[in-house]
Structure formats: C-alpha cells, structure tokens
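Commentary on secondary and tertiary structure
Take a look at the letters that make up each chain.
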Amino acid sequence: MTREVTRPLPWNWWLKKAAYFQFMMRELTSVAIFAYTLLVIWALWSAAEVGAFSTFYTFLSGSLSVWLHMVILGLALYHTGTWIALTPKVTVLWKDDERVDPDLIAGATSILFLMISGAVIWLVLM
Amino acid sequence: MLLPVMVFVTGVAVPAGWISEEDLVSLVRNPATRLVLVGLVFLFLFHWAHRFRYALVDLGLGVVGKQAWLFYGTALIGTIVAGLAALRL
C-alpha cells in the first residue's frame, strides 16, 4: 500500500513574502478575466437580435459597467504588466557568448503589446 | 495581451460614445470578429480555469481545487455557448 506524503502548508503562506503575495494576486486576477469573458459571451449571444443588443449596449454605457470595467482594466493591466516583466526570465536568449539584455526582451514585448492594442483600437474605431 | 484593449473598447470607448450601437453590432456580427471572439473566450476561460484551480489548491482549498472537471468543464461549456452564439448570428 502506498500513501501520499503531503507536507503541511499554512494557509497564509502567501502573506509572508511580498513576492508570494504578488504571485497570488496575479493568479487571482484570472477571476477578472473570467468575469470579462462572460461579457464577451453576452455580446456574442445578444448580437443576433437588435433588442437584446440594445440592452447590452445600454448596460455598457451605465455607471455600474464603467466601474466594473475600471476594476477589470486595472487587474488586466497588472496581469499583462507582470507577464511582460516575466518574459526575459523565461526567454533567455544568447547572441554568440553574450546574453541578450533582459530589458531588451521586456521592452520588445511591451512594444508588441502597444502595437497590438493600437491596431485593435484602430480597427474598432475607424 | 488583448484583454486590456478589449476592456478599453467596451469600458471606455462605448460609454464615451466613440462607437455607436450600430457600429458595435456590425463589428460583433462580422465573421472574422466572431471567430476571434470565440477563440479568445476559449483561451480566457481555460487560462482562468487553470490558474484559479491551482490558486485554490495553493490557498489550502485543495478539496475544491482538485475537482478538475468543475473548472475545465465550466471553461468547456462557456466555449460551447460562445460557439453556439457565434453560429446563431
């Protein structure tokens, strides 16, 4: 018979170090992603009927929606920002014998992010 | 990568009146947009399912976190609903 050995871990381990806390906050921002996905599904579902889409559009213009969006935007930017900060750590590039500057990788990812965001805004608003 | 700008569109551009209801509905009805949105729903939901599940395990709520079907099932159902909605248009 085999038994699983589990090391006890206090529930509040993530409060003990700033880095652990930031990690847990980052993981929990995924809840905001979930909430926003429901909105996208609503948009897709309501677009079939003019009346239903009007309800959706009116909801977007309301103050409740604006507040929720601000919270989600903050969390989404935290999620994206921490991900960009992480890219040089997971992508270690070497050019000949020299390591490519981590800031260059993070910088290039940031520029890509801004370009994609700009392209979407241009596509939607033009 | 795409979430902040999408939140900007629905949370800032729409309430600010930069995009009208007619423009937004025709954008959502565009087949290319529909395909992209369903793809994003799939990615967002599975991203959430995985992270949220392991976050719960890490927080000591392993009993809930280990019910993998609950998270990936929700993500799958959400994707199917989004797919059906896109086909309905």
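Residues numbered from 1 in each chain as written. Chains lettered and ligands numbered in written order. Predicted model: local features only at pLDDT ≥ 70, side-chain atom pairs only at ≥ 80, totals over all residues.

Take the overall build of chain A next. What chain A contains, in helices and strands, is five helices and two strands. The linear arrangement of helices and strands in chain A, starting from the amino end, is α-α-α-α-β-β-α. Against the 2.2 N^0.38 benchmark of 14 Å for 126 residues, chain A shows a C-alpha radius of gyration of 21 Å, more extended than a compact globule. Along the first, second and third principal axes, the C-alpha atoms of chain A reach 55 × 50 × 30 Å. Each of the 126 residues in chain A was classed as buried or not, and the buried ones make up 22%. The contacts in chain A between residues at least 6 apart in sequence include a share of 37% that link residues at least 24 apart. (Helix = DSSP H or I, 4+ residues; strand = E, 2+ residues; numbered from the N terminus. Rg over C-alpha atoms; globule rule 2.2 N^0.38 Å. Buried ≥ 20, exposed ≤ 12 C-beta atoms within 10 Å, placed from the backbone. Contact = placed C-beta atoms within 7 Å.)

To continue, consider the nonpolar core. Grouped burial of nonpolar side chains is what soluble globular proteins tend to show. Membership of the largest hydrophobic core comes to 41 residues, with the highest contact counts inside it found for Tyr36, Val40 and Leu44 of chain A together with Val41 of chain B. Apart from the residues within four sequence positions on either side, Val41 of chain B is in contact with Thr37, Val40 and Ile41 of chain A together with Gly78, Thr79 and Ala82 of chain B. (Core = buried A, V, L, I, M, F, W, Y, C linked by C-beta atoms within 7 Å.)

With that settled, consider the packing of helix α4 (residues 63–90) of chain A against helix α5 (residues 102–125) of chain A. All names here are of chain A. Two elements in contact, α4 and α5, have axes whose closest approach is 7 Å; the angle formed by their N-to-C orientations is 140°. Taken together, the axes of α4 and α5 are oblique relative to one another. Here the hand of the crossing between α4 and α5 comes out right-handed. Within the contact between the two elements, α4 uses Thr80, Ile84, Ala85, Thr87 and Pro88 and α5 uses Pro102, Ile105, Ala106, Thr109, Ser110 and Phe113. Per-class residue counts for the contact of α4 with α5 are seven nonpolar, four polar and no charged. (Axes fitted to C-alpha atoms, helices over the stretch in contact; angles between N-to-C directions. Parallel < 35°, antiparallel > 145°, perpendicular 65-115°, else oblique. Left-handed = near helix turned anticlockwise from the far one by under 90°. Nonpolar A, V, L, I, M, F, W, Y, C, P; charged D, E, K, R; others polar.)

Close contact between helix α2 (residues 30–46) of chain A and helix α5 (residues 68–88) of chain B brings their axes to 8 Å; oriented N to C, the two are set at 25°. In this view, α2 of chain A runs roughly parallel relative to α5 of chain B, as classed from their interaxial angle. The way α2 of chain A lies across α5 of chain B gives a crossing that is left-handed. Contacts between α2 of chain A and α5 of chain B pair Thr37, Ile41, Leu44 and Trp45 of chain A from the former with Gly78, Val81, Ala82, Ala85 and Ala86 of chain B from the latter. Across the contact of α2 of chain A with α5 of chain B, the residue classes tally to seven nonpolar, two polar and no charged.

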